[in-house]
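Topology and contacts: notes
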Amino acid sequence: MFFLTGGIAVIICAVIEFCFFCKQKKALGCIGILIKHLVIDYSVALSLLLKVFKYQHFLDTSNYGATNFFKFGLLTFVVGAIVVVITAFCKSIVAFEHEPFNRNKKGKISKGFMALGIIGSLLVFLACVCWFGTEWSLASFGKVTAEQLVINMTAPGGAEDSVYTSIIEGPFVYTLAITSAFAFVYYLPFKLIYNGKKKKITFFNGLARRIICLVLACGMLYGGISHGVKEFDLKQLYYAYYKTSTIFEDEYVNAKTAELTFPEKPRNLIHIYAESLENSFLSKAFGGNVDVNLMPELTELSYEGYIFSDTENKFGGPQEPMGTQWSIASMVNQTTGLPMKMPNAPNDYGSEGNFLPGAWSLMDILTEQGYEQTVMFGADGNFGGLKYYFMSHGNTTVFDLGYARRNGLVPEDYKVWWGYEDDKLYEFAKDELTRMYETGKPFNFMMETADTHRPGGYIGENTPTPYESSYANAVAYSTAQIVEFVRWIEEQPFYENTTIVIIGDHLSMETDFFEDYGFTDDYDRTQFNLILNPAPNVDVSDEKVFHNRLWSNMDMFPTILAAMGVEIKGERLGIGTNLFSGKDTLIEKYGFDTLNTNLQMKSELYANEILMDPTAYDNADPYVLETTTLKTSN
C-alpha cells in the first residue's frame, strides 16, 4: 500500500512537471521525468518515513492502517512537488524578478507597507515564543502547570544558569530565525514569474506575498497560543487572577492555633523526599507499569510499613491537584498542608522571612517543642527560593551545596549533577543524624535525593547499569540506596523512637523514559509513599484507611504528625486530613475536579494571611473579584 499511494503521488508530480515545466513534449522526455520522480520521490520519502517519522519498516504493512498509507502518499507528493519546483528554477521556467517597494506619490516607501511588515513579524515572533516555549517546557519539565513555571522562573535564584542557557540555545534561536525569515520574505523586493511559451505570467507578486505572509502570521499565532493553552491549561492563570473561591475560608485549619498533644517522649522524624519516585517503576505484578521491577529492595521494605493507596492494591499514592506538582511545592504541601499558589509579586516566595510567612509549618511546630532540625539536599538552596522557605520557618539548618562547600565537605568549585551526588548525600546524612542524636534533643531530619531527576538521571561510578535506559538504572540504584540507608538507621540507637517517612516528591518529569516504555494516558501514575515505625499509639488496625483513598501531598502534614504520636483535635491541619484517622480528605469530600478548580482560584485568606504576614497587612484592601462558592461533587 505504501508503494500504491506513493505511486499515485509520483504520477501526479510527473504529470504536473511534464505539462507545465517541460518544453519538449516528447514521449522520451515523459518517461525520463517519470523515472526521475520514481527514484527521487520514493527514496527520499521512504528515508524520511524510517528515520524522521520512526516507522519500523515499509515492506511488511500488516501493522499499518489507511491513515499511515495516506500520510505516506502526502509525504511523497510534497517531496515530488519540491523536486518540480527545483527543476522549474533550474530550467528558468520559474524565476525571481525584481519588484520595487510600494511607494507613495512622493516616492517614499509606504508607511502602511512597513507597518504591516512590523505587525506581521511581531505576530510571528509571539507565535514562535508560544510554540517553542511550550515545546521547550514540555521537554525540560514534562507536563507542568502555568503556575509552576511562573513561581519557579520569578523566584530569586529561579532556575540554574543551564536552564536559561537552554532557552537561548533552543526557543530563542528558533524564534529569531523564523521571525527573520518571515521579515526577509515580506520585505524582499521580488516577484515570481512563469516563462511560458507565449508570454511571461506573474503568479506571485508583492501584494500576494504580503497577504499570504500576514495570513500565515495570524495562523501561526493562533496555533502557538492554542498549543500553549492546551498543554499548560492556561485557564489557571485566569482563575488565579480573576476569580475567587472560599475554599480556604471554608476549610483551612491554622496549625498555629490548633490543639496538638505531643507524646510524653517526643518522637524523632526522618523524612525522605525521593526525587520523582513513583509506583510506575514497580513491575506490573505490583501495580506498576514496567515488565521488570526497578525497585525490588524498596518493594520488600514496603511490607514492613504502611502505604496509603488509591486502589485496592498495596501500592498506590496521592492525586496531584494544583500547587503540588514539583519539588518545592511538595515540601511546602507536606509541611504546611497548603498548596503553592500564584504570588502577588515576584518576590513573594523569594526572600528570607518572606516565604509563606503566614503559614505555620511542621518546622515551626517542632521548634516550639525543642527539636533539632536539618534539611539536606545536594542542590543549591537558592533554586526556586527553597532555602528561604526553611530559613523562614523554625530553627532549621539548611544543609545544601553551599553549606557543604563552606564547611569543607566538598571543594569550593565542586559541582556534580545538581550540586553533589546522592552517594555523598547519604554519607553526609549519616554524619548529620549522628550529630543531631548526640545533642540529646528530639530531631527532625529532612532530605531530598536528586539522582533520579531529569534529564536521564545521574549515573555515577558506583551506579550499576543492567538496563539499556539510563533513567531505569538511576531509579534502580537510587531506590536501593534508600533501603540501604534505612537499614543503617535501624541499627542506630535512636531508631526505636524514630518514625521514617519515604515519599516521592512528585511524579517524574523524564518524558523520554515513559515514551520509550510505552506508557499510555490510561495508566494512573502516582507517587510512592511509605511510613515506617509509626508511634505505638497510632491505630493501624483498620485496613480500610490504607486502600481506595483519594488524597494529596497536603494530607501528609497532619498524617506525619500523627505518625509521630501527636494527637490532633479534629484531625485536620492546613487543608490536609490525618489519613490514619479515616476521616474524609477534601478530595474525598468534594471530588478532585471541584477541589482542584477552587484551588486554582484566588483566595483572599491565602493572599492576605498566608502568602503575606497577616500582622503586617492588617489594613490590606480586600480583593473585589467574582466569587465562586465551593460546592461538593455528587
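This write-up is about the structure you can find in this document. Only a predicted model underlies this, so the values are computations on that prediction, with no experimental measurement involved.

This part takes up the packing of aromatic side chains. Counted according to the given criterion, the structure contains 32 aromatic pairs. Centre to centre, the rings of F308 and W551 are 6.3 Å apart; their planes meet at 70°, and the pair counts as edge-to-face. Of this pair, F308 sits in the loop between α10 (296-302) and α11 (327-336) while W551 is found in the loop between β11 (529-532) and α18 (556-563), placing the two residues 243 residues apart along the sequence. Residue F308 shares its accessibility class with W551, and that shared class is buried. Among the aromatic residues, those joined into a ring-pair cluster are F281, Y471, F513, F514, Y517, F519 and Y523.

One broad rule of soluble globular proteins: the nonpolar side chains tend to lie buried together. Residues F248, F390 and L561 are the most contacted members of the largest nonpolar core, which totals 65 residues. A total of 6 residues in this core trace back to one element, the largest contributor, which is α18. Once residues lying within four places of it in the same chain are set aside, the contact partners of F390 are M331, M363, V375, T396, V398 and M446. Residues A429, I482, I489 and L530 belong to the second largest nonpolar core, which totals 50 residues.

A separate point is helix α15 (residues 422-438). In a regular helix each residue adds 1.5 Å, so 17 residues correspond to 24 Å; α15 covers 24 Å between its end C-alpha atoms and thus fits that length. Within α15, burial applies to D422, D423, L425, Y426, F428, A429, E432, L433 and M436. Tucked into the core, α15 has its buried residues touching β6 (268-274), β7 (372-377), β8 (396-399), α14 (401-406), β9 (443-448) and α16 (470-490). Phi turns positive one or two residues past the end of α15, at G440, with a value near 85°.

A few words on the pattern of salt bridges. Counting across every chain of the model gives 13 salt bridges. The residue R525 makes a salt bridge to E278 at a minimum N-O spacing of 2.8 Å. Of this pair, R525 sits in the loop between α17 (511-516) and β11 while E278 sits in the loop between β6 and α10; the two residues are 247 residues apart in sequence, bridging distant segments of the chain. By relative accessible area, which is 0% here, E278 ends up buried.

This next bit is on the pairing of β6. Successive side chains on a regular strand alternate, one facing one side of the sheet and the next facing the other. The element β6 is extensively covered by neighbouring structure, given that 7 of its 7 residues are classed as buried. Here β6 shows two buried faces, one formed by N268, I270, I272 and A274 and the other by L269, H271 and Y273. Pairing between β6 and strand β10 (residues 498-504): 7 bridges, direction parallel. Each residue of the ladder has a partner; that of N268, found in β10, is T498. In terms of strand pairing, β6 meets β9 through 5 bridges, oriented parallel. Looking across to β9, one finds that I270 is bridged to F445.

What follows covers the sheet that holds β10. Read from one edge to the other, the open sheet built from 6 strands follows the order β8-β7-β9-β6-β10-β11, with strand pairing classed as mixed. Each end of this open sheet is capped by a strand with a single partner; those strands are β8 and β11. Averaged over all pairs of adjacent strands, the angle between strand axes in this sheet comes to 10°, irrespective of strand direction. Bridging between β10 and β11 involves 4 bridges; their strand directions are antiparallel. Note that in β11 the partner of I502 across the bridge is L530. The strands that α18 touches are β6, β10 and β11; relative to β10, the one it contacts most, it runs at about 155°.

Moving on: helix α1 (residues 2-21). For α1, built from 20 residues, the straight-helix expectation of 28 Å at 1.5 Å per residue is met to within 8% by its first-to-last C-alpha distance of 27 Å. Residues of α1 that are buried: F2, T5, G6, G7, A9, V10, C13, A14, E17, F18 and F21.

Burial analysis of β7 places 6 of its 6 residues in the buried class, which makes it a mostly covered element. Side chains E372, T374 and M376 project from β7 onto one buried face, and the interleaved Q373, V375 and F377 project onto a second face that is buried too. Summarising the sheet, β7 and β8 pair through 4 bridges and their orientation is parallel. Along β8, the bridge assignment pairs T374 with T397.

It is worth spelling out the side chain of E448 at this point. Within the fold, E448 resides in strand β9. The buried charged residue E448 lacks any salt bridge, with R454 as its nearest oppositely charged partner at 14 Å. Residues within four places of E448 in sequence aside, it is in contact with Y273, E275, S327, M331, M376, F377, G378, L425 and D505.

Attention shifts here to the environment of N444. Mapped onto the secondary structure, N444 falls in strand β9. Between the C-alpha atoms of N444 and Q373, which are 71 residues apart in sequence, the distance is 4.7 Å. Setting aside chain neighbours within four positions, we find N444 in contact with L269, L362, M363, L366, Y371, E372, Q373, T374 and M436.

Running from N to C, α1 and helix α2 (residues 27-51) cross one another at 135°; their axes reach a closest spacing of 9 Å. When the axes of α1 and α2 are compared, the pair comes out oblique. Crossing of α1 over α2 shows right-handed handedness. Across from F2, F3, L4, G6, G7, V10, C13, A14, E17 and F18 in α1, the residues of α2 making contact are C30, I33, L34, K36, H37, L38, D41, Y42 and L49. Within the contact of α1 with α2, the residues separate by chemical class into 13 nonpolar, 3 polar and 3 charged.

The rules behind the values
Residues numbered from 1 in each chain as written. Predicted model: local features only at pLDDT ≥ 70, side-chain atom pairs only at ≥ 80, totals over all residues. Heavy atoms only, no water. Phe/Tyr/Trp six-rings, centres within 6.5 Å; stacked < 30°, edge-to-face > 60°. Helix = DSSP H or I, 4+ residues; strand = E, 2+ residues; numbered from the N terminus. Buried < 20%, exposed > 50% of the residue type's maximum accessible area, 1.4 Å probe, protein only. Core = buried A, V, L, I, M, F, W, Y, C linked by side-chain atoms within 4.5 Å. Contact = heavy atoms within 4.5 Å. Expected span 1.5 Å × (residues − 1). Salt bridge = Lys/Arg side-chain N within 4 Å of Asp/Glu carboxyl O. Pairing = 2+ DSSP bridges. Axes fitted to C-alpha atoms, helices over the stretch in contact; angles between N-to-C directions. Lys, Arg positive; Asp, Glu negative; His and termini not counted. Parallel < 35°, antiparallel > 145°, perpendicular 65-115°, else oblique. Left-handed = near helix turned anticlockwise from the far one by under 90°. Nonpolar A, V, L, I, M, F, W, Y, C, P; charged D, E, K, R; others polar.

Everything listed here is a matter of coordinates, which is why it stays silent on function.
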